[in-house]
Amino acid sequence: MNTSLSLLTKNVRGVLAASAAFSVMATAPVYAQEAEESAKAEDYEQIAVVGSRAAPRSVADSAVPIDIISDEEFKQQGATDMVSMMQTVVPSFNVNDQPINDASTLVRPANLRGMASDHTLVLVNGKRRHRSAVITFLGGGLSDGAQGPDISVIPAAALKQVEVLRDGAAAQYGSDAIAGVINFVLNDASEGGTFEARYGSYYEGDGDMIQLSGNVGLPLSDKGFLNLSAEYRTADDTSRSVQRDDAAELVAAGNTFVADPAQIWGSPEIKHDIKLFANAGLELSDTSEAYIFGNFAEREVEGGFYFRNPHNRGGVNDGGIDPADRNGDGVIEEGEGFQLLLVGDLTGDMSGNCPTDIRVGDNVLTNPRYINEVANNPDCFAFNEMLPGGFTPRFGGTVTDMSLVFGTKGELDNDITYDVSLNLGQNEVDFAISNTINPSLGPETPTSFSPGRYTQSEQTLDIDFTKPFDVGLYEPLFVATGFQYRNESYESVAGDTASYEIGPLATQGFGIGSNGFPGLAANSQGRVSRNNIALYIDAEAYITENFMLAGALRYEDFSDFGDTTKGKIAFRWQALENIAFRGAFSTGFKAPTLGQSNVRNVTTAFGTGGELIDRATLPPTDPVSQLKGGEQLTPEESESITFGVVADFDNGLFITADYYNIELTDRISTASGIELTDEDIAALLAQGINDASSFQEISFFTNDFDTTTEGVDVVANYAMEMMGGETKFSLAYNWTSTEVDRASENISDFRIRMLEDNLPAVRYSATANHTNGDWRFLARLNYYGSIFEDHLDSALPIDKVGSEFTVDLEVAYNFTEEFTVTVGAKNAFDEYPDENTQYAGIAGSLYPTTSPIGINGGFYYLRGVYTF
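Residues numbered from 1 in each chain as written. Predicted model: local features only at pLDDT ≥ 70, side-chain atom pairs only at ≥ 80, totals over all residues. Heavy atoms only, no water.

## Let's talk about helix H11 (residues 749-757)
Among all positions of H11, only Arg751, Ile752, Met754 and Leu755 are buried. With its buried residues spanning 160° around the axis, H11 presents them on a single face. Tucked into the core, H11 has its buried residues touching strand E30 (654-670), strand E33 (701-722), strand E34 (725-743) and strand E37 (787-790). (Buried < 20%, exposed > 50% of the residue type's maximum accessible area, 1.4 Å probe, protein only. Helix = DSSP H or I, 4+ residues; strand = E, 2+ residues; numbered from the N terminus. Arc of directions from axis to C-beta. Contact = heavy atoms within 4.5 Å.)

## A look at the pairing of strand E35 (residues 762-772)
Working note: regular strand, side chains alternate between the two faces of the sheet. Direction of pairing for E34 relative to E35: antiparallel, over a ladder of 10 bridges. Across the sheet, Phe729 pairs through a bridge with Ala768, a residue of E35. Pairing geometry for E35 and strand E36 (residues 775-784), over 10 bridges, is antiparallel. Among the inter-strand pairings, Asn772 is bridged to a residue of E36, identified as Trp775. The antiparallel hairpin formed by E35 and E36 contains 2 residues in its connecting segment, where Gly773 sits at a positive phi of about 65°. (Pairing = 2+ DSSP bridges.)

## Points about the state of the cysteines
Tallied over the entire structure, the rule returns 1 disulfide. Covalently, Cys354 is tied to Cys380 through a disulfide, its sulfur atoms 2.1 Å apart. Classification of the bridge connecting Cys354 and Cys380 rests on its S-S torsion, roughly -100°, and on that basis the disulfide is left-handed. Of this pair, Cys354 sits in the loop between strand E17 (344-345) and helix H6 (368-375) while Cys380 sits in strand E18 (residues 380-381), and the two are 26 residues apart along the sequence. Neither Cys354 nor Cys380 differs from the other in exposure class; each is buried. (Disulfide = S-S within 2.5 Å.)

## Considering the sheet that holds strand E8 (residues 159-165)
One open sheet accounts for 5 strands, arranged E3-E8-E9-E6-E7; its pairing is mixed. Edge positions in the open sheet fall to strand E3 (66-70) and strand E7 (127-128), since each of these has one partner strand only. Bridge count for E8 against strand E9 (residues 180-186) is 6 bridges, and the pairing is antiparallel. Residue pairing in the sheet places Val164 in a bridge with Ile182 of E9.

Quick look at the structure:
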């Protein structure tokens, strides 16, 4: 701890603090609050709780860059899930579609200011939100291995506003706040409410979505409130696929059992998505109150997976290669040879004399040897008998999320305020995979499996105090201090027996476990836990009328890796009547999660040679991981500088420009796939991992690279009267650049380029929202810069996915004061990213799967809202 304090002091002395300008958010729908005719600064007097532990500051007075998004802004767009809504309204917030990406299909990772999804701390009503149980093993490069909160369980109907702190804040709030903090503020109305019905569909005629939501405020005696929210949503899947080359070859050879397309790329099916939220408060006395809020959510999702070729799928149909000199030069060269069929002997004593040398040819179904010696031989078996056209698993699961926070706050003597709360949270994912097999079980295999369940649980006790001190400054010195205790656990529960069972054909080369996502074995399940304590002190004051100075210091001690101390210093200087500068310097950290340190998982991915393989993710302390360079995880450490200017002009124009620079060392991610040797597999088998013979590669979490991320956010807002009504304009611009400063051999060159270039370097949006009587018109222009994509993690790069413009349009009409109908279109001109012209046939993906504009094209919607 002393070393940390010394380093912190040295850094603080060497840098004049910075905090970037507090912005009003703009990316998208302009501010939803009613603008005054003068459109002056009063339009932006929204109050934020996050970012300061002193008295809440208005937008114009805050010492840190914060975006405040009203509940109306979430309603004025076509997106329906919270992750996509946040991307629309926050310029440095990015999220990609995640088709065929294992657990990422269930919980999509989102990125703030170019950081991974677990570098942003999420709060609800100022209280830390628990993590998701889902670890994004395949997170598009940047978020590979991230384990962040699942914000998609929060319904827009439950919100009063959202506060986005775009500044490092670990010294104030603890681990994870490297990129910033998002605080979801719940609706606290004690009367009235809304009911909304929404329907939408993509221009292609798929992805039909139905959503019903509502909110009601009720009095809780005459001194309190109870606010209830609910949302229900379903959505069909989409397909933006072309036929895979290998599937097309099978069809051309006469295999009529192959689907077209054999593999589906698109949004997954949301079978049901239920979200419930409650928020309540009650005055206990003139100086104290009690509060309680919580949620329950359940979402079932099912998406596509990779096609299993009936000739050469490893562990299912691949019987090896029969070498041959095809070109007649007398030498058997690499790539020459004939594909053989994997045939199993069902007799038990290997008395079936089953052939192992059947060449599949163009269509094994018409091969006389296959017909006579396998299909018509009860002692011999090949999966072509069950699945003549191969198969494509369907992968998904059910995510269940719940939380309960209760506490009391108030004011004691001598102006001391307190807030004591207990926070209970849990997220659980129960995976499911269907239309697949456990090859080792042969013809007795089921085709649907439950491969396992993971649960993240957290319990947090917070005790906070604040007090103003009159020390002769322009304003009192606000001092906040507090204590936090947090216990968390990560539990893995084995799948059903058939999902990991070692069947009778395992010794004959058939794969073990549910193909595509093998179940977690009983001997690998378990529960791990840890606890940590934190102490902090936070001070803030206006030294003079125009200069504010703030600082924070936080100490945390974790039971599994030790302690750390982080600090922050910030200022705000009102240089001119309309111009203010602000800046901050902070140190931060992200503790390795229990899941990252302990999880075991097997997934299907493209291997280092471009072929589909089974890759096992093992704990970094596993002996085989250590043999390949794995070590005990340590915290990620950051140093962050922000600096900005805010201009608030008399004509109503409000502009902020903020620069940020984040140096992050010892970043945690999954290592690129490492090929296993026969010796490695033998070592795994010796550990009791009996399905190790099915693994071709391993991966593990590692602290193996450092990055520097810098960027600029520019936000402008203006309102004016025009065309008989009022129009609000907003512009939001973000530029972000990431450089990998250090990387070990465990991080491939393609992964490095994905880290640096998979998000658009430039993104901006310009919005006009015009209100005229009962009519409202909204138009939004979005720009996304070019990206690089490593095609499907297969080392087949698409050098550039070009930049794109999209347009969102919306028209609303108030039929009565209570009832409004809205018609709109997201990506109204049906823009698509550049096609995968060179690589589409490899896996049937028509478009780059991580394109920032998505791969589904235009989406239209109809919404009706009744307010009472």
